[in-house]
Amino acid sequence: MRIGIDLGGTKTEGIVLNPAGCELLRTRYPTPQAEGYSAILSTIVSLVHELERSVDENCTVGIGTPGAISLADGSLRNSNTVCLIGKPIVADLARELGRPIRMENDANCFALSEAIDGAGRGYETVFGVIMGTGVGGGIIHQEKLIPGRLHISGEWGHNRLESDGPPCYCGRRGCVETFLSGPGLAADYVRRGGSSNATAEDAIQLARSGDEIAEQAVRAFLKRFGLALATVINILDPHVIVLGGGLSNVDRLYSEGCDQVARHVFCDAFDTPIRKNKNGDSAGVRGAAQLWLAAETP
Ligand SMILES: [Zn+2]
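In what follows, the accompanying structure is described. Note that the coordinates shown come from a computational prediction; the quantities given were computed from them, not determined experimentally.

### Some words on the sheet that holds strand β11 (residues 240–244)
(1) Moving on: Read across the sheet, five strands follow the order β10-β9-β8-β11-β12 without closing on themselves; strand pairing throughout is mixed. Edge positions in the open sheet fall to β10 (144–145) and β12 (274–276), since each of these has one partner strand only.
(2) Moving on: Bridge count between strand β8 (residues 125–131) and strand β9 (residues 135–141): seven bridges; the pairing is antiparallel. Across the sheet, Phe127 pairs through a bridge with Ile139, a residue of β9.
(3) Moving on: Sheet strands touched by helix α3 (residues 106–117): β8, β9, β10 and β11. Its angle to β9, the strand with the most contacts, is close to 45°.
(4) Moving on: Sitting on the sheet, helix α7 (residues 212–236) touches β8, β9, β11 and β12, and the angle it makes with β8 is about 155°.

### Focus: the side chain of Ser153
(1) Moving on: By the secondary structure assignment, Ser153 is in the loop between β10 and α4 (177–180).
(2) Moving on: By relative accessible area, Ser153 is classed as buried at 18%.
(3) Moving on: At a separation of 3.3 Å, a polar atom in the side chain of Ser153 contacts the main-chain carbonyl oxygen of Pro147.
(4) Moving on: Setting aside chain neighbours within four positions, we find Ser153 in contact with Asn108, Gly137, Ile139, Ile146, Pro147 and Gly148.

### What about unusual backbone geometry?
(1) Moving on: Not every positive phi belongs to a glycine, and Gln142 is a case in point at roughly 50°.
(2) Moving on: Classification of Gln142 by relative accessible area gives exposed; the value is 54%.

### Focus: the nonpolar core
(1) Moving on: Within the largest apolar cluster, 38 residues are counted, with the highest numbers of intra-cluster contacts made by Met131, Trp156, Leu180, Leu229 and Val261.
(2) Moving on: If you list the elements that add at least two residues to this core, you get β8, β9, α4, α5 (182–191), α6 (200–208), α7, β11 and α8 (256–264).
(3) Moving on: A total of 11 residues in this core trace back to one element, the largest contributor, which is α7.
(4) Moving on: Ignoring anything within four residues of it in the chain, the contact list for Val261 reads Phe225, Gly226, Leu229, Ala230, Ile233, Phe270 and Ile274.
(5) Moving on: In this structure, Ile5, Leu7, Ile69 and Leu93 belong to the second largest nonpolar core, which totals 25 residues.

### Some thoughts on the packing of aromatic side chains
(1) Moving on: With the rule as written, the count across this model stands at one aromatic pair.
(2) Moving on: Ring geometry for Phe127 against Trp156: centres 6.1 Å apart, planes inclined by 80°, an arrangement best described as edge-to-face. Highlighted residues: Phe127 in strand β8 and Trp156 in the loop between β10 and α4, separated in sequence by 29 residues. The exposure classification of Phe127 matches that of Trp156, with both residues buried.
(3) Moving on: Sitting above the plane of the Tyr37 ring, Lys87 keeps its charged end 5.4 Å from the centroid.

Definitions and limits used
- Per chain, residues are indexed from 1 in the order of the written sequence.
- The model is predicted, so local features are restricted to residues of pLDDT at least 70 and side-chain atom pairs to those at 80 or more, both for listing and for counting; the totals for chains, interfaces and linings are taken over all residues.
- Based on all heavy atoms of the structure, the side-chain values leave hydrogens and waters out of the count.
- The rule for pairing is simple: two strands pair if DSSP sees at least two bridges between them.
- The helix count covers DSSP runs of H or I at least four residues long, the strand count covers runs of E at least two residues long, and both are numbered beginning at the N terminus.
- Any two residues whose heavy atoms approach within 4.5 Å at even a single point are treated as in contact.
- Only the stretch in contact is used when fitting a helix axis, every axis being a line fitted to C-alpha atoms; angles between N-to-C directions are given from 0 to 180 degrees.
- Type-normalised accessible area, obtained with a 1.4 Å probe on protein chains alone, sets the label of each residue: buried when under 20%, exposed when over 50%, and partly exposed for intermediate values.
- We define a polar contact as two N or O atoms separated by no more than 3.5 Å, with the added condition that, inside protein, one atom must be a possible hydrogen donor and the other a possible acceptor, whereas residues neighbouring each other in sequence contribute only through side-chain atom pairs.
- Joining through side-chain atoms within 4.5 Å is the link that ties buried Ala, Val, Leu, Ile, Met, Phe, Trp, Tyr and Cys residues into a set, and such a set is a nonpolar core.
- Here the aromatic set is Phe, Tyr and Trp, taking the six-membered ring for Trp, and pairing holds for ring centres within 6.5 Å; pairs whose planes are under 30 degrees apart are stacked, those over 60 apart are edge-to-face, and all others are tilted.
- In our convention, an over-ring charge means Lys NZ or Arg CZ found within 6 Å of a ring centre and within 35 degrees of that ring's normal.

Have a look at this one:
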């Protein structure tokens, strides 16, 4: 059986999938961020042991977490759980658990889950997109993750969209993420004169009720979505695109957003499906478990 762990900034959640991909168990603990790195390691190790005791079997372990995983030593970069940055978490967990483990960022886990048994099921190449607090993505071909040579494949969130756009945490300006994330949409609404403490959800709700500034911000968001996603489609030409993260709930992405993509794709009959995810909040933790195939043993 396969254990998947979703290591987040506030919670650490674990599930067990049986070989058919059915979830047998789920447990969560708070992530002891304040207590530091070794406390987080211990939480993961106890969680794995607890789940294994419950199913009375040794399992493979896959972990999904926000941030980028370093090529060199399996440490984390850009994690929102700051005490994890630069720590060799993959090697440390493998030693503590006495088996190899696999770890990928949450966007790759999301994409894998949706490709295997979500909205991308049955499609050869799946581009899974996260638009939430940040913007990320993962590429799956024939149910296998394509990590890329530098382990950055799918990271369209840091393609430059506008050269004079807002600064991004990555050190560049005008990245896709600065416009297509929740904070990015909210900031654009504020820049247009909207109320300064509005969230992306507020802007979407206000646009729905006819607020003109919010409507302008949402229209600009849909236009940028089209431009940014078309750049990916012209290179990858995936068979389906699956959207996840909080902003995947914006219904207009699947109608007007799709039309905006079509304007920029190098094809006069663009009909690639753009779908909302099926596995919802479980996609990350399911994808983490699915980093190991059902037949593999640790
Ligand atoms: Zn960036």
